[in-house]
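# Chains, contacts and geometry: an overview
One-letter residues, chain by chain:
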Amino acid sequence: MTELAFGLDTFGDRSVDLDGNPIPYAQVIRNVVDEGVLAEQVGVDSFGVGEHHRDDFAISAPEIVLAAIAARTERIRLRTAVTVLSSDDPVRVYERFATLDAISRGRAEMTLGRGSFTESFPLFGYDLSDYETLFSEKLDLVAALLEGGPVSWSGTVRPPLVNQDVYPKVESGRLQASIGVGGSPESVVRAAKYGLPLALAIIGGDPARFAPFVELYHRALAEFGLQTLPISVHSPGFVAATDEEAAEIVWPHAQAMHNRIGAERGWPKYTRGRFESDINHGALHLGSPETVAQKIARTIRALGIQRFDLKYTNGPIPHEHMATAIELYGTKVVPRVRELLDD
């Protein structure tokens, strides 16, 4: 079978210290850099950083954080999870990632998506009524930029380009990019249309229910006359020494996060029963190394993916606990998943 890759993702949640006191945004960012370095040290293949523009997340400029990690690492691939393309300029996005690719010696990958929050739209002067047009047109421009040559493009969301080169040039010839999808068939087909790898965000429900999207992606690639491309899954979870310890560490922080966001979106209160159901039957890959490895293996088998990315941040969990989770993921979970899949 194709060699599997294993990643870790963080949104840079504004965490607390071991006494429950919120820590400054600056320290959260420094901690994320340390976590990315640790991920390489324990053998993880890639590290993804999200982009948000709100008070419960510290990272609004992920490429800068990834560049800091690049300067202290040699092997691990560095991604976004995701870049909110709709409220950014495609040319600037491309330039920033081409720069990160140079600093990291070819380890940069941008994951392009809409994002699950909308704070960036008013912040940068965009109208939410243009939500679909902004993403589709800007993705079309990025796809043209990825070809690496002079670009001619026109649309309604930014000035046109006429035979325009963009710098710096990518050393390998092509910047790596994928499209982040939350479960829309149209988005799956769009990823195939542009010949870009698919990154499935599975944050709720049984991961196996996403199998139809995997099948749709493969069918669409074939219809567009394109070769098979890799699929990755981004899903939440956490690793501790035992199932009980993992649940007790994460539960109060996950509850706080869900209830805070839920109050904005009209969700019901997050209960302990719902939390345990998410662990036992849903998308939460949480528990001891053996428990997490078994569930990741099931997800990989069900979907036939090429990379699994564990989002190890679930609310304001202290950095010390997250560092332990990273170490266990790299040294215990990943080798065990490989064993399970080789059987």
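Up top is the structure.
Predicted model only: the values in this text are computed from it and were never measured. (Residues numbered from 1 in each chain as written. Predicted model: local features only at pLDDT ≥ 70, side-chain atom pairs only at ≥ 80, totals over all residues. Heavy atoms only, no water.)

### Some remarks on the overall build of the protein chain
In terms of regular secondary structure, the protein chain is built from eleven helices and twelve strands. By the compact-globule yardstick of 20 Å for 343 residues, the protein chain fits well, its C-alpha radius of gyration being 19 Å. C-alpha extents for the protein chain along the principal axes are approximately 60 × 45 × 40 Å. Across the 343 residues in the protein chain, those meeting the buried criterion constitute 55%. Summed over its atoms, the accessible surface of the protein chain is roughly 14800 Å², and 53% of this surface lies on carbon and sulfur atoms. (Helix = DSSP H or I, 4+ residues; strand = E, 2+ residues; numbered from the N terminus. Rg over C-alpha atoms; globule rule 2.2 N^0.38 Å. Buried < 20%, exposed > 50% of the residue type's maximum accessible area, 1.4 Å probe, protein only. Areas by Shrake-Rupley, 256 points an atom, 1.4 Å probe, with all protein chains shown as cover.)

### Quick word on the environment of Ala5
Relative to the helices and strands, Ala5 is located in strand 1 (residues 5-10). Exposure remark for Ala5: the relative accessible area of 21% places this residue in the partly exposed category. Between the alpha carbons of Ala5 and Gly204 there is a distance of 22 Å; along the sequence they are 199 residues apart. With near-sequence residues (within four places) excluded, Ala5 lies in contact with Asp45, Gln306, Arg307 and Phe308. (Contact = heavy atoms within 4.5 Å.)

### Considerations on the packing of helix 2 (residues 62-70) against helix 3 (residues 90-103)
Between helix 2 and helix 3, the shortest axis-to-axis distance is 9 Å and the interhelical angle comes to 10 degrees. By the angle class used here, helix 2 and helix 3 are roughly parallel. Across from Glu63, Leu66, Ala67 and Ala70 in helix 2, the residues of helix 3 making contact are Arg96, Phe97, Leu100 and Ile103. Residues belonging to the contact of helix 2 with helix 3 are distributed by class as follows: six nonpolar, no polar and two charged. (Axes fitted to C-alpha atoms, helices over the stretch in contact; angles between N-to-C directions. Parallel < 35°, antiparallel > 145°, perpendicular 65-115°, else oblique. Nonpolar A, V, L, I, M, F, W, Y, C, P; charged D, E, K, R; others polar.)

### Overview of the pattern of salt bridges
Under the counting rule described, the total for this entry stands at 24 salt bridges. Across the pair Glu119 and Arg54 runs a salt bridge whose closest N-O atoms are separated by 2.7 Å. One end of the pair, Glu119, is in the loop between strand 5 (108-113) and helix 4 (120-123); the other, Arg54, is in the loop between strand 2 (46-49) and helix 2, and 65 residues separate them in sequence. Taking the shortest distance from any N to any O, the salt bridge between Arg307 and Asp309 comes out at 2.9 Å. No difference in accessibility class separates Arg307 from Asp309, as the two residues are buried. Each member of the salt-bridge network shares a partner with another, and the members are Asp9, Arg79, Glu109, Arg307 and Asp309. (Salt bridge = Lys/Arg side-chain N within 4 Å of Asp/Glu carboxyl O.)

### Regarding the packing of aromatic side chains
Taken as a whole, this structure holds eight aromatic pairs when the rule is applied. Plain terms: the ring middles of Phe47 and Tyr312 are 6.4 Å apart, the flat faces sit at 40 degrees to each other, and that makes the pair tilted. Linking Phe47 in strand 2 with Tyr312 in the loop between strand 12 (307-311) and helix 11 (319-342), this pair joins segments that are 265 residues apart in sequence. For the pair shown, Phe47 and Tyr312 are each scored as buried. For the ring pair Tyr270 and Phe275, a centre distance of 6.4 Å and an interplane angle of 80 degrees mean the geometry is edge-to-face. By relative accessible area, which is 5% here, Tyr270 ends up buried. Members of the aromatic cluster, joined through ring pairs, are Phe11, Phe57 and Phe117. (Phe/Tyr/Trp six-rings, centres within 6.5 Å; stacked < 30°, edge-to-face > 60°.)

### A word on the packing of helix 10 (residues 289-303) against helix 11
Remark: helix 10 packs on helix 11, axes separated minimally by 8 Å, with the N-to-C direction vectors making an angle of 50 degrees. Comparing their axes, helix 11 and helix 10 come out oblique. Between helix 10 and helix 11 the crossing geometry is right-handed. Side by side, helix 10 and helix 11 meet where Pro289, Glu290, Val292, Ala293, Gln294, Ile296, Ala297, Ile300 and Arg301 of the first sit next to Leu328, Tyr329, Lys332, Val333, Arg336, Val337, Leu340 and Leu341 of the second. (Left-handed = near helix turned anticlockwise from the far one by under 90°.)

### What about the nonpolar core?
Of all hydrophobic cores here, the largest spans 103 residues; its most connected members are Phe47, Met110, Leu200, Phe275 and Tyr329. Counting residues per element, this core draws most heavily on helix 11, which supplies eleven residues. For Tyr329, the contacting residues outside a window of four places in its chain are Phe6, Gly7, Leu8, Val44, Val239, Ile296, Phe308, Leu310, Val334 and Pro335. (Core = buried A, V, L, I, M, F, W, Y, C linked by side-chain atoms within 4.5 Å.)

### With respect to the pairing of strand 12
Most of strand 12 sits out of view: five of its five residues are buried. With burial as the criterion, each face of strand 12 is covered, one bearing Arg307, Asp309 and Lys311 and the other bearing Phe308 and Leu310. In this sheet, strand 12 lies alongside strand 1 in parallel orientation, the contact comprising five bridges. Across the sheet, residue Leu8 finds its bridge partner in strand 12, namely Leu310. (Pairing = 2+ DSSP bridges.)

### Quick word on unusual backbone geometry
Note the cis peptide between Ala81 and Val82, where omega equals 5 degrees. Within the secondary structure, Val82 sits in the loop between strand 3 (77-80) and strand 4 (83-84). Across the junction of Tyr167 and Pro168, the peptide omega takes the value 5 degrees, indicating a cis bond. Note that Pro168 resides in the loop between strand 7 (161-164) and strand 8 (176-181). Positive phi, close to 60 degrees, is recorded for Arg105, a residue that is not glycine. Note that Arg105 resides in the loop between helix 3 and strand 5.

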